[in-house]
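# Chains, contacts and geometry: an overview
Here is how the chains run, residue by residue.
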Amino acid sequence: MTSGGPRILVIEDNLMNLELVLDLLEGFGGEVRTATSAEDGLEIAFEDPPDLILLDVRLPGMDGLEAVRRLKADTRTAHVPTLALTAEAMKGDEDRARGAGFDGYVAKPIDTRSFSDTIRRHLAERGRGARG
Ligand code: MN
């Protein structure tokens, strides 16, 4: 019974990063679902599209680039803001991420101070409709 809080899906195979993201999302008061593979994450997203998706680029099996292509190609999830979780050191990652269809990105290691602003900004883009 969340009263209007955002519904966020986090797809991340690194459990330490996943825990950090969950901690940081707690303040949003919505509902957070998690998956540790793109395959599981896509299933959740298609079944019940969230308000925002955080998607690790580097995943075992299907990677985040292929996963975001599938999300953006599907009418159920094409409108859902999807942010890449990318390792800052990998310079080409950001360009590849945007090329694949990501709406933005969060660099790892995660800057805990700017994280919430980034999430809030992208949730606001979706805004209308989510508030019934
Ligand atoms: Mn990973």
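Residue positions within a chain follow its written sequence, with the count starting from 1. For this predicted model, a pLDDT threshold of at least 70 governs which residues receive local features, and a threshold of 80 or more governs which side-chain atom pairs are given and counted, while totals over whole chains, interfaces and linings are taken from all residues. As a convention, hydrogens and water are excluded, and side-chain values are obtained from all of the structure's heavy atoms.

Under the scheme applied here, a residue whose accessible area is under 20% of the maximum for its type counts as buried, over 50% as exposed, and between as partly exposed, the area being computed with a 1.4 Å probe on protein chains only. In this description a helix means any DSSP run of H or I spanning at least four residues, a strand means any run of E spanning at least two, and both kinds are numbered starting from the N terminus. Counting buried residues in strand E1 (residues 7–11) gives five out of five residues, a clear majority hidden from the surface. Residues Arg7, Leu9 and Ile11 point to one face of E1 and Ile8 and Val10 to the other, with burial holding for every one of them. In this structure, E1 lies alongside strand E2 (residues 31–35), joined through five bridges in parallel fashion. Each bridged residue has a counterpart across the sheet, and for Leu9 the counterpart in E2 is Arg33. With the strands aimed away from the viewer, a crossover counts as right-handed if its path from the first strand over the helix to the second runs clockwise. Each parallel crossover has a hand, and the one from E1 via helix H1 (residues 15–25) to E2 is right-handed. The rule for pairing is simple: two strands pair if DSSP sees at least two bridges between them. Sheet topology note: the E1/strand E3 (residues 52–56) ladder contains four bridges and is parallel. Of the residues in E3, the one forming a bridge with Ile8 is Leu52.

With that out of the way, let us pick up the coordination of the manganese ion. Protein ligation of the manganese ion involves Asp13 (OD), Asp56 (OD) and Arg58 (O), the donor distances falling in the range 2.0 to 2.2 Å. As a rule, N, O and S atoms within 2.8 Å of a metal are its donors, except that Na, K and Ca use 3.2 Å; water is not among the atoms, so sites may look incomplete. For the manganese ion, the single-chain donor residues occur in sequence as D-x42-D-x1-R. Taken together, the residues span a long stretch of sequence, with Asp13 in the loop between E1 and H1 and Arg58 in the loop between E3 and helix H3 (64–73) at a distance of 45 residues. Residue Arg58 is classed as partly exposed on the basis of its relative accessible area, which comes to 43%.

What follows concerns the nonpolar core. Membership of the largest hydrophobic core comes to 21 residues, with the highest contact counts inside it found for Ile11, Leu42, Ile53, Leu55, Ala67, Leu71 and Phe102. Every element with two or more residues in this core is listed here: E1, helix H2 (38–47), E3, H3 and helix H4 (93–100). Residues are treated as being in contact if the distance between any of their heavy atoms lies within 4.5 Å. Ignoring anything within four residues of it in the chain, the contact list for Ala67 reads Ala38, Leu42, Leu55 and Met62. By convention a nonpolar core is built from buried Ala, Val, Leu, Ile, Met, Phe, Trp, Tyr and Cys residues, the set being connected through side-chain atoms within 4.5 Å. By size, the runner-up hydrophobic cluster in this structure holds 16 residues, among which are Val10, Phe28, Leu52 and Leu123.

When we look at burial in H4, the residues that qualify are Asp93, Ala97 and Ala100. Down the axis of H4, the buried set is contained in an arc of 70 degrees. They therefore lie on one face. Opposite the buried face of H4, at more than 90 degrees from it, the exposed residues are Asp95 and Gly99. Where H4 is buried, its residues meet H3 and strand E4 (82–87). Just downstream of H4, Gly101 is the residue with a positive phi angle, here 120 degrees. When we speak of the arc, we mean the arc of directions from the helix axis to the C-beta atoms.

So far we have only geometry, and geometry alone does not tell us how the molecule works.
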